[in-house]
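# Breakdown of the fold
Read off the chains here:
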Amino acid sequence: MAIPDRTSAIIGRPLIRFDRVASTMDVAARLAALGSPEGTIVEADLQTAGRGRGGRRWYAPAGSALMVSIILRPGVSAARLVSMSLLAGLAVANVAEAITSQPATIKWPNDVLIDGRKVAGILLHSRTMGDAPNACLILGIGINVRVTSATRAFNATSLDEAAGDRVYVGDVRHRLVVELRAVYRAFTGGDLAPAWAELTDRLAYRDREVTIVDGERALRGMVTGLGENGELLLRRPDGVIQSIISGEMVRGPRPVAS
Ligand code: BTN
């Protein structure tokens, strides 16, 4: 299989918009399989079967959120692939903060929060094609732009609520593309250190106690920072620093029953 040629890849070209799809993740995956170029963005005003992490649904009324999936073929090692969702979180946090003038934090691994409430979520699928350097990533991003019954029901927030002003989906997309291009340059070969420092600064619940739930396992500890591939570093009650590569962060000493 040919090594992906990234020399001409630009995130956001092409941009393919739909009024309504089941999930932009599926459309992007189909387009990727058909050979759509790296950087292709699939956007929908409405998803009828939008997906979140952990098999959950992700729903937003038509036009109330920016919902995109992006085709990436980064040509990096398998260990590095997962850090793309954190970097995408950084891009989204930068956009959210610029628009609302409110501090935005990143709840590991990939929720963006304003004032402790979720404003955006990220879903990263890896479609490995042969070796890891040929892997195709589908990066899904959902950003709440307007307050809706769904944001209220989940005690989430939106950019317009945080900004106290009207926010336009097109403006959010435009800013997101600019930020994503910058983090993607770092991800695919540039210097990741500045992005990592920013991410660590933006880490929600730093120096606070959390529980990480992963399937049947629950691990309690203090958030201390990030490892070199984006793993969460947790200081356990016995003082040992444990690095966590997957799981769901829950505030407080115990996992919340679902
Ligand atoms: C999460 O918070 O659990 C992740 C949410 C990801 C939602 C986005 S919206 C665009 C893309 N299409 C989907 O079906 N999901 C992602």
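Report on the accompanying structure. Since this is a predicted model, take the numbers as computed values, not measurements. (Residues numbered from 1 in each chain as written. Predicted model: local features only at pLDDT ≥ 70, side-chain atom pairs only at ≥ 80, totals over all residues. Heavy atoms only, no water.)

### Brief notes about the overall build of the protein chain
- Per the secondary structure count, the protein chain includes seven helices and twelve strands.
- For the protein chain, the C-alpha radius of gyration of 18 Å lies close to 18 Å, the compact-globule estimate for 258 residues.
- Principal-axis analysis of the C-alpha atoms gives the protein chain an extent of 50 × 45 × 35 Å.
- Evaluated residue by residue, the protein chain yields a buried proportion of 50% over its 258 residues.
- Within the structure as shown, the protein chain displays about 12200 Å² of accessible surface, and the carbon and sulfur contribution to it stands at 50%.
- Here the protein chain holds 31 positive side-chain charges and 26 negative ones, and the gap between their average locations is 4 Å. (Helix = DSSP H or I, 4+ residues; strand = E, 2+ residues; numbered from the N terminus. Rg over C-alpha atoms; globule rule 2.2 N^0.38 Å. Buried < 20%, exposed > 50% of the residue type's maximum accessible area, 1.4 Å probe, protein only. Areas by Shrake-Rupley, 256 points an atom, 1.4 Å probe, with all protein chains shown as cover. Lys, Arg positive; Asp, Glu negative; His and termini not counted. Charge placed at Lys NZ, Arg CZ, Asp CG, Glu CD.)

### Some points on the pattern of salt bridges
- With the rule as written, the count across this model stands at twelve salt bridges.
- Here Asp111 makes a salt bridge to Lys118, at a shortest N to O gap of 3.0 Å.
- For Asp111, a relative accessible area of 12% corresponds to the buried category.
- On the accessibility criterion, Lys118 (31% relative accessible area) is partly exposed.
- Here the salt bridges share partners, and the residues they tie into one network are Arg17, Glu43, Asp45 and Arg173. (Salt bridge = Lys/Arg side-chain N within 4 Å of Asp/Glu carboxyl O.)

### Let's talk about the sheet that holds strand β1 (residues 15–21)
- Ordered in space as β1-β2-β3-β7-β6-β5-β4, the seven strands form an open sheet in which the pairing is mixed. Two strands in the sheet have a free side with no partner beyond their single neighbour: β1 and β4 (104–107). Across this sheet, the average inter-strand angle for adjacent strands is 20°, counted without regard to direction.
- Direction of pairing for strand β6 (residues 117–127) relative to strand β7 (residues 136–144): antiparallel, over a ladder of eight bridges. Looking at β7, one finds that Leu123 is bridged to Gly140. (Pairing = 2+ DSSP bridges. Axes fitted to C-alpha atoms, helices over the stretch in contact; angles between N-to-C directions.)

### Notes on the sheet that holds strand β9 (residues 217–226)
- Reading across from one edge, β11-β10-β9-β8-β12 is the order of the five strands in this open sheet, with antiparallel pairing throughout. The open sheet terminates on both sides in strands that have one partner only, identified here as β11 (241–244) and β12 (248–251). The average angle at which neighbouring strand axes cross in this sheet is 50°, direction not considered.
- Sheet topology places strand β10 (residues 232–235) next to β11; four bridges connect them, and they run antiparallel. Paired with Leu233 across the bridge in β11 is Ser243.

### Here we look at the site of the ligand
- If you check the shell around the ligand, you find 19 residues, and the closest are Ser23, Gln47, Arg51, Arg53 and Lys118.
- Here the ligand loses 99% of its free accessible area of 420 Å² to cover by the protein chains.
- Taken together, the elements giving at least two residues each to the shell around the ligand come down to α1 (24–33), β3 (65–72), β6 and β7.
- Top contributing element to the shell around the ligand by residue count: β6, with four residues.
- Each residue belonging to the shell around the ligand can be placed in one class, and the counts come to seven nonpolar, eight polar and four charged. (Near = heavy atom within 4 Å. Nonpolar A, V, L, I, M, F, W, Y, C, P; charged D, E, K, R; others polar.)

### A closer look at the pairing of β4
- Direction of pairing for β4 relative to strand β5 (residues 111–114): antiparallel, over a ladder of four bridges. The partner of Thr105 across the bridge, within β5, is Leu113.
- Between β4 and β5, which pair antiparallel one after the other, the connecting turn spans three residues.

### Examining the environment of Ser77
- Residue position: Ser77 is located in the loop between β3 and α2 (78–81).
- On the basis of relative accessible area, Ser77 is assigned to the partly exposed category, the value being 42%.
- Sequence spacing of Ser77 and Ala135 is 58 residues, and the spatial spacing of their C-alpha atoms is 9.1 Å.

### Looking at unusual backbone geometry
- Each neighbour pair has its own omega, and for Arg13 with Pro14 the value is 0°, a cis peptide bond.
- With an omega dihedral of 0°, the bond running from Trp108 to Pro109 counts as a cis peptide bond.
- Here Pro109 lies in the loop between β4 and β5.
- At Ser101, a residue that is not glycine, the phi angle is positive and equals roughly 60°.
- On the secondary structure map, Ser101 appears in the loop between α3 (83–100) and β4.
- The phi dihedral of Asp207 is positive, around 65°, even though this residue is not glycine.
- By secondary structure assignment, the location of Asp207 is in the loop between α7 (193–202) and β8 (209–214).
- On the basis of relative accessible area, Asp207 is assigned to the exposed category, the value being 55%.

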